[in-house]
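Per-entry structural report
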Amino acid sequence: MPMKYDIKELSLEEKIGQMMIIGLNTEDSIEHLDEIINTYKIGGVLLYKKNYKNYQEMVNLVNKIKELNHKNKIPIFISIDQEGGRVNRMPKEFKNLPAASKLVEKSIDKDMVKIAGEITGTMLHKVGVNMNFAPVLDIKRFKDNHAIGDRAYSENPKEVSKYGIEYMKALQEHKVISIIKHFPGHGATKEDSHFILPKIVYDIEKLESEDMQPFKTAIENKADGILIGHLRIPKITGKLPASISKKFITKYVRKKYRYNGLIITDDMRMKGIRLRYGKNRAIQKAFLACNDMIIFKYDENIRVIQKIIDLAKQNILEQKRIHKSVMRILKLKEKYQINDEPINFDEDFIEMINKDIEKVRKEVL
């Protein structure tokens, strides 16, 4: 059966644009939505809580993004980091689900995690979000306030796999793409990749048998996308973080685990990687490392996109490889029937979903 979207109809510029997810983390970025979407034809946006004050504003923003993208050939990913607990991007009217580790503490089997995934999938689909950077498949090794901490399901890799896959499938069943994170495992280091480039000191055997195991299991269970963390593994990636190591991405993600789904970087303008490589150079390295999609927050340097296009025209960034990445993006957009049709504001929805959230909170907290 032929694909709905024909890659042959896309220009080189449009293909490069599809490989970008732009974070709208300031009001200034929202003012430049027209430029972001229609000049650069980007593949997706990433929403933050600061982008809207309430549910109505969130719906309005999502519909504005869809309206602007409607004239483009390919519909747009609208993504978010919605885990529950301390990683909560929903407007204030929505009650917050407990963190992953709290859900597991009160789960006799998988019920609380599955229910939380179903609620989150329902909520995100209703507000027009079609991609969620969750679940966290990192192992909990440190206190709750660690960079991962209570965001992880368990200290046990098998439990992380069990609960994480349950959550992943719940999102998928509600038409929300689940991007598992942070490969190869942010739980393997005390440091926080938001501020520095953490170093994983474990040998590769331990990393594979423990931290990578939940990701391997998720791949076997048809994970649609994997987010690569800014994590250094000196014996494998040298001085580079995994997110910009071509050797790591091709050897460990593509070849070792035979994964042909979407590979996405963590935000390339996080402080650790930005200070080490510079904002624009880091983004260029991410493209050259064979990531399918690159996340970076909007700022005045968005014109780095033109530099990426120039690299592709010179075939420094191989056009054959661009083709493969864009095909993965298009296939996923087709699979989830991503579209730019407006969504409706439903006044009764908040009360309905909050009742479901409150049931979980009473069981867990």
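Our subject is the structure listed above.
Notes on the structure in this doc start here. Here the structure is a predicted model, which is why all the values come from computation and not from measurement.

Let's talk about the overall build of the protein chain
Per the secondary structure count, the protein chain includes 16 helices and eight strands. Against the globule reference of 21 Å for 365 residues, the protein chain gives a C-alpha radius of gyration of 19 Å, in line with a compact fold. C-alpha extents for the protein chain along the principal axes are approximately 55 × 50 × 45 Å. Taking all 365 residues of the protein chain together, the buried fraction comes to 61%. Partitioning the contacts of the protein chain with sequence separation of at least 6, the portion at a separation of at least 24 is 78%.

Details of the nonpolar core
Within the largest apolar cluster, 96 residues are counted, with the highest numbers of intra-cluster contacts made by Ile16, Leu47, Ile65 and Phe296. If you look at the next biggest cluster of nonpolar residues, it comprises 30 residues, including Phe215, Ile228, Ile249 and Ala289.

Thoughts on the pattern of salt bridges
A full pass over the atoms with the stated rule returns 24 salt bridges. Between glutamate 210 and arginine 141 there is a salt bridge, and its shortest N-O distance comes to 2.7 Å. Placement of glutamate 210 in helix α8 (residues 204-211) and of arginine 141 in the loop between β4 (131-132) and α7 (157-173) is noted, with a sequence separation of 69 residues between them. Among the salt bridges present, the one from aspartate 299 reaches lysine 279, with a minimum N-O distance of 3.0 Å. Placement of the pair is aspartate 299 in the loop between β8 (294-297) and α14 (304-313) and lysine 279 in helix α13 (residues 279-288), with a sequence separation of 20 residues.

What about the sheet that holds strand β2 (residues 44-46)?
Pairing is parallel in the open sheet, where eight strands are placed in the order β7-β6-β5-β4-β3-β2-β1-β8. Single-partner strands in this sheet number two, and they are β7 (262-265) and β8. Sheet topology note: the strand β3 (residues 77-80)/β4 ladder contains two bridges and is parallel. Residue pairing across strands places serine 79 opposite methionine 131, the latter belonging to β4.

Examining the packing of aromatic side chains
All chains considered together, the criterion is met by nine aromatic pairs. Aromatic side chains phenylalanine 183 and phenylalanine 215 sit 5.1 Å apart centroid to centroid with 80° between the ring planes, which places their arrangement in the edge-to-face category. Pair noted here: phenylalanine 183 is in strand β5 (residues 177-183) and phenylalanine 215 is in helix α9 (residues 213-220), with a separation of 32 residues, a long-range link. The pair formed by phenylalanine 183 and phenylalanine 215 is uniform in burial state, with each residue classed as buried. Measuring from ring centre to ring centre gives 5.6 Å for phenylalanine 183 and phenylalanine 248, while their planes differ by 40°; the resulting arrangement is tilted. Separated by 65 residues along the polypeptide, phenylalanine 183 in strand β5 and phenylalanine 248 in helix α11 (residues 246-256) bring together distant segments of the chain. Each of the two residues, phenylalanine 183 as well as phenylalanine 248, counts as buried. Each member of the aromatic cluster is reached from another via a ring pair, and the members are Phe183, Phe215, Phe248, Tyr252 and Tyr257.

Cut-offs and rules
- Residues numbered from 1 in each chain as written.
- Predicted model: local features only at pLDDT ≥ 70, side-chain atom pairs only at ≥ 80, totals over all residues.
- Heavy atoms only, no water.
- Helix = DSSP H or I, 4+ residues; strand = E, 2+ residues; numbered from the N terminus.
- Rg over C-alpha atoms; globule rule 2.2 N^0.38 Å.
- Buried < 20%, exposed > 50% of the residue type's maximum accessible area, 1.4 Å probe, protein only.
- Contact = heavy atoms within 4.5 Å.
- Core = buried A, V, L, I, M, F, W, Y, C linked by side-chain atoms within 4.5 Å.
- Salt bridge = Lys/Arg side-chain N within 4 Å of Asp/Glu carboxyl O.
- Pairing = 2+ DSSP bridges.
- Phe/Tyr/Trp six-rings, centres within 6.5 Å; stacked < 30°, edge-to-face > 60°.

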